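Chain by chain, the residues:
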Amino acid sequence: MNTTRISMISLLAGKDPDAWVYLNQVYRPSMRGWLAGYGVRPDDAEDLIQDVQLLITQKIESFEHNGRRGAFRAWLKAMTINGARNFLRSSAVSKKSGMSVFEEALEGLSDPQSSFTRAFDIAHDHAVIKVLLHRVARQVEEDTLALFVHNVLDENPPNETAAHFKVNVGKVYVAKSRVLRKLRTLNSEWVDELQLER
């Protein structure tokens, strides 16, 4: 099992303020984007995110990592489902126009193979990468970063990224490898959770 990953969970469970700031930087924008995609109004989204984050705070000590990629993201997803269901039950938000679409998405999250789960995972992974990229932007060349973003964040196949930037495809793979190495050096427990096989 990845000891760095365990240490991040330990910091969260120990209420380390920096770990919680970091989690908030990742979780809040990914949730905002995900909720907006299902028509949840910004003010409702903020209330829901606060409820889910409270649940995460209460339950983090019981989280046990199983060593598999995506385990922490899956746990966050479960907390999101539970927190969102509690939020919908305890407010009038579910009666508002458009919330039935969100409720359908929430049910779809229970299926790990569903399009709803894929959308949630993508929103999470992109939020993690954006936070980490901001921290390493000065450590890599601008063109290397641009290739990585186009290939990984914008989800373009390597050959399309190469054609777009008029470089050979090998340069795209090298850029991805360099940026991922920098990201892992900065924070391997988050990077190792991501699905970046593109």
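It should be noted that the structure appears before, not after, this text.
Quick caveat: nothing in here was measured; it's all calculated off a predicted structure. Starting afresh in each chain, residues are numbered from 1 along the sequence in its written order. Only residues with pLDDT of at least 70 get local features here, since the model is predicted, and only at 80 or more are side-chain atom pairs given and counted; chain-wide, interface and lining totals rely on the full set of residues. Based on all heavy atoms of the structure, the side-chain values leave hydrogens and waters out of the count.

## Considerations on the packing of helix H3 (residues 42–59) against helix H4 (residues 71–89)
Every angle, taken between N-to-C directions, lies between 0 and 180 degrees, and every axis is a line fitted to C-alpha atoms, over only the stretch in contact when it is a helix. Secondary structure elements are taken from DSSP: a helix is a run of H or I of four residues or more, a strand is a run of E of two residues or more, and numbering for both begins at the N terminus. Packing of H3 against H4 brings their axes to within 8 Å, and their N-to-C directions diverge by 125 degrees. The pairing of H3 with H4 is recorded here as oblique in orientation. Of the two elements, H3 crosses H4, and the hand of that crossing is right-handed. Contact residues: Asp44, Asp47, Leu48, Asp51, Val52, Leu55, Ile56 and Lys59 in H3; Trp75, Leu76, Met79, Thr80, Asn82, Gly83, Ala84 and Phe87 in H4. In this count, Pro and Cys sit with the nonpolar residues alongside Ala, Val, Leu, Ile, Met, Phe, Trp and Tyr, while Asp, Glu, Lys and Arg are called charged and the others, Gly among them, polar. A per-class count over the contact of H3 with H4 returns nine nonpolar, three polar and four charged. The labels follow the angle: roughly parallel below 35 degrees, roughly antiparallel above 145, roughly perpendicular from 65 to 115, and oblique for the rest. Each helix crossing is assigned a hand: it is left-handed if the near helix lies turned anticlockwise from the far helix by less than a right angle, otherwise right-handed if that turn is clockwise. Only heavy atoms matter for contacts: two residues are in contact if any of them lie within 4.5 Å across the pair.

## Topic: the side chain of threonine 161
Counting through the fold element by element, threonine 161 comes out in helix H8 (residues 158–165). By relative accessible area, threonine 161 is classed as buried at 0%. Non-local contacts of threonine 161, meaning those with residues more than four positions away in its chain, are made with Leu147, His150, Asn151, Asn156 and Val172. The buried label goes to any residue with under 20% of its type's maximum accessible area, the exposed label to any with over 50%, and the partly exposed label to all in between, with areas taken from a 1.4 Å probe on protein chains only.

## Description of the side chain of asparagine 156
Topologically, asparagine 156 is positioned in the loop between helix H7 (142–153) and H8. For asparagine 156, a relative accessible area of 19% puts it in the buried group. The residues contacting asparagine 156, other than those within four sequence positions of it, are His150, Asn151 and Thr161.

## Description of the environment of glutamine 25
Looking at where glutamine 25 falls in the secondary structure, it is placed in helix H2 (residues 17–36). Overall, glutamine 25 belongs to the partly exposed group, its relative accessible area being 34%. Counting along the chain gives 105 residues from glutamine 25 to lysine 130, while the straight-line C-alpha distance between them is 9.6 Å. Excluding its chain neighbours within four sequence positions, the residues that come into contact with glutamine 25 are Val131 and Arg135.

## A short note on the nonpolar core
In this description, a nonpolar core means a group of buried Ala, Val, Leu, Ile, Met, Phe, Trp, Tyr and Cys residues linked to one another through side-chain atoms lying within 4.5 Å. Membership of the largest hydrophobic core comes to 33 residues, with the highest contact counts inside it found for Trp34, Leu35, Ile56 and Phe102. Those elements that provide at least two residues to this core are H2, H3, H4, helix H5 (99–108) and helix H6 (115–136). Top contributing element to this core by residue count: H4, with eight residues. If we skip the residues at most four places from it in the chain, isoleucine 56 touches Trp20, Leu23, Tyr27, Trp75, Leu76 and Met79. One finds Ile129, Val131, Val136 and Val179 within the second-largest nonpolar core, a separate group that totals 17 residues.

Remember, this is a structural readout, not a statement about activity or role.
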